[in-house]
Amino acid sequence: NTVIFFLAGVIFADILTSRRHLIGPADFAWLLVVYASAMAIRAIMVCTFWPLLNAVGVPISRQEAVVVVWSGLRGAVSLALAIIVDLEPGISEQMGARIMFY
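Fair warning: this is a prediction, and the values are worked out from it, not measured in the lab.

Basis of the calculations
Residues numbered from 1 in each chain as written. Predicted model: local features only at pLDDT ≥ 70, side-chain atom pairs only at ≥ 80, totals over all residues. Heavy atoms only, no water. Helix = DSSP H or I, 4+ residues; strand = E, 2+ residues; numbered from the N terminus. Expected span 1.5 Å × (residues − 1). Buried < 20%, exposed > 50% of the residue type's maximum accessible area, 1.4 Å probe, protein only. Arc of directions from axis to C-beta. Contact = heavy atoms within 4.5 Å. Salt bridge = Lys/Arg side-chain N within 4 Å of Asp/Glu carboxyl O. Axes fitted to C-alpha atoms, helices over the stretch in contact; angles between N-to-C directions. Parallel < 35°, antiparallel > 145°, perpendicular 65-115°, else oblique. Left-handed = near helix turned anticlockwise from the far one by under 90°. Nonpolar A, V, L, I, M, F, W, Y, C, P; charged D, E, K, R; others polar. Bend = angle between axes of the 7 residues up to and from the residue.

1. Describing helix α4 (residues 76-87)
- Relative to the 16 Å expected for twelve residues at 1.5 Å per residue, α4 spans 16 Å between its end C-alpha atoms, a close match to the ideal helical length.
- For α4, the full list of buried residues reads Ala-76, Ala-82, Ile-83 and Asp-86. Burial along α4 is one-sided: seen end-on, the buried residues are contained in an arc of 130°. Across α4 from its buried face, at more than 90 degrees, point the exposed residues Val-77 and Ile-84.
- Lining the buried residues of α4 we find α1 (2-18) and α5 (93-101).

As C-alpha cells, then:
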C-alpha cells in the first residue's frame, strides 16, 4: 500500500506541476463546490440508509456515521482512477489536469 501511495504521489505531483498553468482561480472555487457537494450527497445517502443499515447488520452509532460520510472515496483508488482518466488519449490535457486537481 505504501508503494502505491508513493508512486501515485510522484505521478500526481509531476503531472500537476508540469500543468500548473492550466489550473486557474476558478478551478479552486470549483474544487470547494465539488467537495461540499460530495460531502452533502454522502450525508444524504447515509441518513437515508441508516435505518436499513441498523436493521440488517450491526447497528452503527452517530459517530460512526460521521466517519462514513467524511471518509468517502479517498486514497490509492481515487488517485489511480484520476491517473487512468488523465492518461486516456481522448481526454484533453486541460481536462486531464483538472480531473487530477479535483
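Next, the rest of the story.
2. Side note on the pattern of salt bridges
- Tallying each qualifying case throughout the model produces three salt bridges.
- Between Asp-86 and Arg-19 there is a salt bridge, with its nearest N and O atoms 2.7 Å apart. With Asp-86 in helix α4 and Arg-19 in the loop between α1 and α2 (25-56), this residue pair connects regions lying 67 residues apart in the sequence. Both residues of the pair, Asp-86 and Arg-19, belong to the buried class.
- The closest approach of N and O atoms between Arg-98 and Asp-27, which form a salt bridge, is 3.1 Å. Taken as a pair, Arg-98 in helix α5 and Asp-27 in helix α2 lie far apart in primary sequence, 71 residues in all.

3. So, the packing of α2 against helix α3 (residues 62-71)
- Here α2 crosses α3 at 140°, and the two axes come no closer than 8 Å. Judged on the interaxial angle alone, α3 and α2 are oblique. For the crossing formed where α2 meets α3, the hand is right-handed. Contacts between α2 and α3 involve Tyr-35, Met-39, Arg-42, Ala-43, Val-46 and Trp-50 on the former and, on the latter, Arg-62, Ala-65, Val-68, Val-69 and Trp-70.
- Residue composition of the contact of α2 with α3, by class: nine nonpolar, no polar and two charged.

4. Brief notes about α2
- The end-to-end C-alpha distance of α2, which contains 32 residues, comes to 46 Å, matching closely the 46 Å that a straight helix rising 1.5 Å per residue would cover.
- Of all bends in α2, the biggest is about 50°, found at Phe-49, and the proline Pro-51 comes one to four residues later.
- Taken residue by residue, α2 has Asp-27, Met-39 and Val-46 as its buried positions.
- At its buried positions, α2 is contacted by α3 and α5.

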